[in-house]
Number of protein chains: 2
Amino acid sequence: MDLQTALQQLSALQQKLYAFRTASSALYLDGVTVAPRDTSEGRGVALGILAGEEHKLFSAAETGELIAYLETQKEQLDQEQARQVQLLRRNYDQLSRIPADEYMEYAQLVNQASDVWHRAKETSDFALFQPVLEKLVAFNRKFAAYYDAKKAPYDALLNEYERGMTMDKLDLFFGKLRERLVPVIREIGQVEQIDDSFLHKVYPIEDQRKFSDYLMEVLGMDRNHSTIGETEHPFTLNFSSQDVRITTHYTETELAFSMYSVIHEGGHALYELGVNPAYDYNCLAGGVSMGVHESQSRFYENLIGRSLPFIQAIYPRVQSFFPEQLKDVTAEQFYKAVNKAEPSLIRTEADELTYCFHVMIRYEIEKQLIGGTLEVKDVPAVWNALYKEYLGVDVPDDKHGCLQDSHWSGGSFGYFPSYALGSAYGAQMLRNMEQEIDVWGSVSKGDLSPITEWLKEKVHKYGCLLEPGDIVKQACGDFDPTVYTDYLEDKFRRLYNLK
Amino acid sequence: MDLQTALQQLSALQQKLYAFRTASSALYLDGVTVAPRDTSEGRGVALGILAGEEHKLFSAAETGELIAYLETQKEQLDQEQARQVQLLRRNYDQLSRIPADEYMEYAQLVNQASDVWHRAKETSDFALFQPVLEKLVAFNRKFAAYYDAKKAPYDALLNEYERGMTMDKLDLFFGKLRERLVPVIREIGQVEQIDDSFLHKVYPIEDQRKFSDYLMEVLGMDRNHSTIGETEHPFTLNFSSQDVRITTHYTETELAFSMYSVIHEGGHALYELGVNPAYDYNCLAGGVSMGVHESQSRFYENLIGRSLPFIQAIYPRVQSFFPEQLKDVTAEQFYKAVNKAEPSLIRTEADELTYCFHVMIRYEIEKQLIGGTLEVKDVPAVWNALYKEYLGVDVPDDKHGCLQDSHWSGGSFGYFPSYALGSAYGAQMLRNMEQEIDVWGSVSKGDLSPITEWLKEKVHKYGCLLEPGDIVKQACGDFDPTVYTDYLEDKFRRLYNLK
């Protein structure tokens, strides 16, 4: 083999991976948006085969030989090529350990699970979902051993979502959050609660759709390269840096839900749209890790989107979409309402302060499920007990409890902690950004472009070129959760006039 | 190789083909429905690679060996297996003649062409589309030689859409239509024209959407296995017998356009939904030919959908969707209006009588383009001249002329004649159906299920098990275009009170 041939093969291999993943994404997107109800079987067959083809690529001897050859040529490779080889090596080592039939079976299971979960959630019927969840857990426990048999299974899964993350580190992190934030939550329980009743008037969905278009505009999303759709659970899907889709979910009496879903998913989308387009169709494309991704989405959602200057800047337009509903409401009242902190049942509707407790509960359950110390059938009971313990709320049924999130039905175990980590990263990014640019001056004018530009330079453009830890380091400095806890404590003490 | 292993490989091969085609369909569907505007590049890369994988499967030595081995085992195979081998042999012989790089390049071109055509049509700018169309024609001329170098190029392409069809047969067929129908059209030009002005009142799109749902119900489409979407040009896409999508296009002042698009595409969809589900994921799945497909769509659209008993049956409900617009209109007036025959510019809006002249014009142009006697740059001039000659109308611009249809941008040359052939098949099916069941008694009650059942038994359920000619024969008897011309002449002489 000569280097030039090898580099051509490297590019062809990655394009093929891109094609299989893009095809799977298109099938997935179709399945959760417009596909008729009873059609998952056919997509499952196709998804299983596509996953099998991807798996076959990685288990092929030629792929192993190509990677090994290129590793011997390291000095001849530029940074991007070297990183591609490194990432493919990781992927190869990991995937080549999963037998092709298990991999295909799993892809089909995940497709089926999504349907079953939807039905189970609709009817609050955990028993319907239980056998599927059992299979998903069993697969993930098995996969964890394939990924890294030396690690505890849950550590091996965490490492997939955020390289280097472990239960030890997360126990410390969540411990710190508990220590600092539980007192704040208690104090808020003692004072007068914020009135957010006007957010629950009737906001017709057709008007909310137009409002979403406006929010996309405020975020500076290029509509020639991004769209917004509607699904049960909002998400972002990137085909390439030139083609990113977000979805939201409208509820007529919950203005803030879709509003902050759009801003949250918009943050994910801006990340994807900001990746160097030269990385399209190779493995440097896309966001680098779930934690870094959540740092971007939650940055726009909370640090910017739930700040007073942002609300003041957009509020006249918000009122223009809903003149009747908001005619007696000031920007300050709106600001307070969208920041109302109150223990509740649904993660995606939780306020910024109590949110991390929702994550913590899922973390505890996943840790035990994957660790093998909790049986799937006992998930609802444990879930409900933890909600009572951490948040003091009673879970009325599994629809509002352990069936609320799509993650497990999608096969994601170890993803949830990224939400809390991302929030902590975001707080550190904001602190650094404030030292370099006039963040709040721009936000006050409703102009987020300097912020997006800063994030693009420090985070977005790199795609997967650097390790997540290195990106976090250059945007945040050393990881220090107290920046996040300070931010939260300060914000909510002011908001509620605590001392 | 032993038979059992070979049969397993046969099934795996076909599932893989299914997966690649399903993936491509999902990408295509996304591209024409929800994808942001400037995103075709990424889909093109993926589609090109998927097409290349499919091509590679067919050019693989193992595939050739598998097919050859199974051909030696003919006596051991059941009818379905034998037919699968026969169809794969055809596909193999054809595809293995197209070089992989040309095949992939073509797939990417078709993806790009769709975008360019959309833009060109919008701005009526043929010059924009011309270079792409030139490439498409060049590819198809080359492919024709790969398909069957012994045939004239256009005959080779026709044979792809309707096995056994030739220019000689079509010249005769269209000649007969011209001979019988031109006098009828002329006579209609001499008498008082039907008033259809009420069809062009304002019909809000939101109401038309609800009306479409009602039409899907009348057609008996199972909404758990089919959906209706919106695209520039209506079409039907089948993932499997369990998952079929149709699309329509709404224009506020054209009630009949979407109405008959839904019924037409619904006819395609009923065919696909009626195929034996045992054929899903293998090459017996789906409709057998374009001509037979069009026989179904145009059967529902015209023979049933534009009949007086059908209109009388559904009209009270039609009025209930549009009470203001139709308050002074009787069922008979509505029947006449949707059958108004008048030479016009747009094929998809043409009436049942003049429709085949639109097809004839495209046939003449394709024949010359693929035959090499017409250059792409001259298409607009020839188009406009033929419209003047056959239909007596002046084409104001290419948007209303040669840029109106999506077929060429999709790489389809030789498809158009199927529309006219299908209409002729349909007329013969109706004649035979009337001898076996009480067609008009059911239609009068708004119940199309006996009709769909008859078509399912004679046509739908077979999928690709039989040759198109055999299916036509068992549903129609020997092909005899005079049944169609008799039907048309009779219908339109009555409608216009001609002698």
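Please read these numbers as outputs of a predicted model, since none were measured by experiment.

## Observations concerning the sheet that holds strand β3 (residues 243-248) of chain B
The strands that make up a sheet pair up through hydrogen bonds in the backbone, lying either parallel or antiparallel.
All names here are of chain B.
Phase 1: The sheet built from three strands is open, its strands ordered β1-β3-β2 with mixed pairing. Each edge of the sheet is formed by a strand with only one pairing partner; in this case those strands are β1 (226-230) and β2 (236-240). In this sheet, adjacent strand axes meet at a mean angle of 20° when their direction is disregarded.
Phase 2: With four bridges connecting them, β2 and β3 associate as antiparallel partners. Across the sheet, Asn238 pairs through a bridge with Val244, a residue of β3.
Phase 3: Docked against the sheet, helix α10 (residues 255-274) engages β1, β2 and β3, running at close to 165° with respect to β3.

## Regarding the domain arrangement of chain A
Often the size quoted for an interface is simply the accessible area lost on bringing the parts together.
Residues and elements named next belong to chain A.
Phase 1: Structurally, chain A comprises domain 1 (3-150) and domain 2 (167-495).
Phase 2: Between the C-alpha centres of domain 1 and domain 2 the distance comes to 27 Å.
Phase 3: Every contact between the two is made by 33 residues of domain 1 and, on the other side, 29 residues of domain 2.
Phase 4: Secondary structure elements with two or more residues in the side of domain 1 that touches domain 2: α1 (3-32), α4 (79-95), α5 (100-122) and α6 (126-147).
Phase 5: Here the side of domain 1 that touches domain 2 is composed, by residue class, of 16 nonpolar, twelve polar and five charged.

## Examining the interface of chain B and chain A
Phase 1: If you look at the interface, chain B gives 34 residues, while chain A gives 34 residues.
Phase 2: Only α1 (3-32), α2 (40-59), β1 and β2 of chain B provide two or more residues apiece to the side of chain B that touches chain A.
Phase 3: Counting residues per element, the side of chain B that touches chain A draws most heavily on α1 of chain B, at ten residues.
Phase 4: Of the residues in the side of chain B that touches chain A, the class split is 15 nonpolar, eleven polar and eight charged.

## Section: the pairing of β3 of chain B
If a strand is regular, its side chains alternate between the two faces of the sheet.
All names here are of chain B.
Phase 1: Of all six residues in β3, six are buried, a share of seventy percent or more.
Phase 2: Residue alternation in β3 divides its side chains into two sets, Asp243, Arg245 and Thr247 and Val244, Ile246 and Thr248, and both sets are buried.
Phase 3: Between β2 and β3, which follow one another and run antiparallel, lie two residues.

## Focus: the environment of Ile185 of chain A
All names here are of chain A.
Phase 1: Checked against the element boundaries, Ile185 lands in helix α8 (residues 167-190).
Phase 2: By C-beta crowding, Ile185 is classed as partly exposed, having 19 other C-beta atoms within 10 Å.
Phase 3: Each C-alpha atom of the pair Ile185 and Ile370 lies 30 Å from the other, and the pair is 185 residues apart in sequence.
Phase 4: With residues up to four places along the chain from it excluded, the contact list for Ile185 reads Pro343, Leu353 and Thr354.

## Side note on the environment of Gln76 of chain B
Residue and element names in this part refer to chain B.
Phase 1: Secondary-structure assignment places Gln76 in the loop between α3 (61-72) and α4 (79-95).
Phase 2: With 12 C-beta atoms packed within 10 Å, Gln76 lands in the exposed category.
Phase 3: Sequence separation between Gln76 and Leu3 is 73 residues, and the spatial gap between their C-alpha atoms is 8.6 Å.

## Some words on unusual backbone geometry
Phase 1: Even without being a glycine, Tyr281 of chain A presents a positive backbone phi close to 70°.
Phase 2: Position of Tyr281 of chain A among the secondary structure elements: in the loop between α10 (255-273) and α11 (290-304).
Phase 3: With phi around 55°, Asn497 of chain B is a residue other than glycine that occupies positive phi space.
Phase 4: Position of Asn497 of chain B relative to the elements: it lies in the segment after α20 (481-495).
Phase 5: When the 8 C-beta atoms within 10 Å are taken as the criterion, Asn497 of chain B is described as exposed.

## Thoughts on the relation of the copies chain B and chain A
Phase 1: Relative to chain A, chain B is turned by 180° and slid 0.0 Å along the rotation axis, the superposed coordinates differing by an RMSD of 0.0 Å. Expressed as an axis order, the relation between the two copies is that of a two-fold axis. Measuring from the rotation axis to each C-alpha of chain B, the shortest distance belongs to Ala23 of chain B, at 2.6 Å.
Phase 2: A share of 100% of the interface residues of chain B reappears at the interface of chain A, consistent with the copies meeting face to face through the same patch.

## Some thoughts on helix α7 (residues 153-161) of chain B
Phase 1: Most of α7 of chain B is tucked away, with eight of its nine residues classed as buried.
Phase 2: Regarding α7 of chain B, the residues found buried are Pro153, Tyr154, Asp155, Ala156, Leu157, Leu158, Glu160 and Tyr161 of chain B.

## Considerations on the packing of helix α3 (residues 61-72) of chain A against α4 of chain A
All names here are of chain A.
Phase 1: Interaxial distance between α3 and α4 falls to 10 Å at its minimum, and their mutual angle equals 140°. Relative to α4, α3 is oriented so that their crossing is left-handed. Listed contacts from α4 to Thr63, Gly64, Ile67, Leu70 and Glu71 of α3 are Val85, Leu88, Arg89 and Tyr92.
Phase 2: Taken together, the residues that form the contact of α3 with α4 break down as five nonpolar, two polar and two charged.

## Describing the sheet that holds strand β2 (residues 236-240) of chain A
Residue and element names in this part refer to chain A.
Phase 1: The mixed open sheet is built from three strands, whose spatial order is β1-β3-β2. This sheet does not close on itself; its edge strands, each paired only once, are β1 (226-230) and β2. Within this sheet the neighbouring strands show an average axis-to-axis angle of 20°, counted without direction.
Phase 2: Note: β1 against strand β3 (residues 243-248), five bridges, orientation parallel. The residue bridging Ile228 from the neighbouring strand is Ile246, located in β3.
Phase 3: The sheet strands contacting α10 are β1, β2 and β3, and the helix crosses β3 at an angle near 165°.

## A closer look at the environment of Phe299 of chain B
All names here are of chain B.
Phase 1: With respect to the helices, strands and loops of the structure, Phe299 is situated in helix α11 (residues 290-304).
Phase 2: On the basis of neighbour counts, which here come to 27 C-beta atoms within 10 Å, the residue Phe299 falls in the buried class.
Phase 3: Here the alpha-carbon distance between Phe299 and Gly267, two residues 32 residues apart in the chain, equals 7.3 Å.
Phase 4: When residues no more than four places from it in sequence are discounted, the contact partners of Phe299 are Gly267, Ile304, Gly426 and Met429.

## Considering the nonpolar core
Phase 1: Grouped together as the largest cluster of nonpolar side chains are 288 residues, with contacts concentrated most on Ala23, Ala46 and Leu50 of chain A together with Ala23, Ala46 and Leu50 of chain B.
Phase 2: Aside from chain neighbours lying at most four places away, what touches Ala46 of chain B is Tyr18, Ala19, Thr22 and Ala23 of chain A together with Leu27 of chain B.

## Topic: helix α19 (residues 468-476) of chain B
All names here are of chain B.
Phase 1: Regarding α19, the residues found buried are Pro468, Ile471, Val472, Ala475 and Cys476. Looking down the long axis of α19, one finds its buried residues gathered within 105° of arc, a one-sided arrangement.
Phase 2: Gly477 sits one or two positions beyond α19 and adopts a positive phi of about 80°.

## Overview of the packing of helix α5 (residues 100-123) of chain B against helix α6 (residues 126-147) of chain B
In helix packing, the relevant descriptors are the interaxial angle and the interaxial distance, both defined with respect to the helix axes.
Residue and element names in this part refer to chain B.
Phase 1: Between α5 and α6, the least distance of the axes is 9 Å, while the angle of their chain directions is 155°. Comparing their axes, α6 and α5 come out roughly antiparallel. The chirality of how α5 crosses α6 is left-handed. Counted together, Tyr106, Leu109, Ala113, Val116, Trp117, Arg119 and Ala120 of α5 and Phe126, Leu128, Phe129, Val132, Lys135, Leu136 and Phe139 of α6 form the full contact between these two elements.

The rules we used
- Residues numbered from 1 in each chain as written.
- Chains lettered and ligands numbered in written order.
- Predicted model: local features only at pLDDT ≥ 70, side-chain atom pairs only at ≥ 80, totals over all residues.
- Pairing = 2+ DSSP bridges.
- Helix = DSSP H or I, 4+ residues; strand = E, 2+ residues; numbered from the N terminus.
- Axes fitted to C-alpha atoms, helices over the stretch in contact; angles between N-to-C directions.
- Contact = placed C-beta atoms within 7 Å.
- Domains from an automatic or database assignment.
- Nonpolar A, V, L, I, M, F, W, Y, C, P; charged D, E, K, R; others polar.
- Buried ≥ 20, exposed ≤ 12 C-beta atoms within 10 Å, placed from the backbone.
- Least-squares fit on C-alpha atoms with pLDDT ≥ 70 in both.
- Left-handed = near helix turned anticlockwise from the far one by under 90°.
- Core = buried A, V, L, I, M, F, W, Y, C linked by C-beta atoms within 7 Å.
- Arc of directions from axis to C-beta.
- Parallel < 35°, antiparallel > 145°, perpendicular 65-115°, else oblique.

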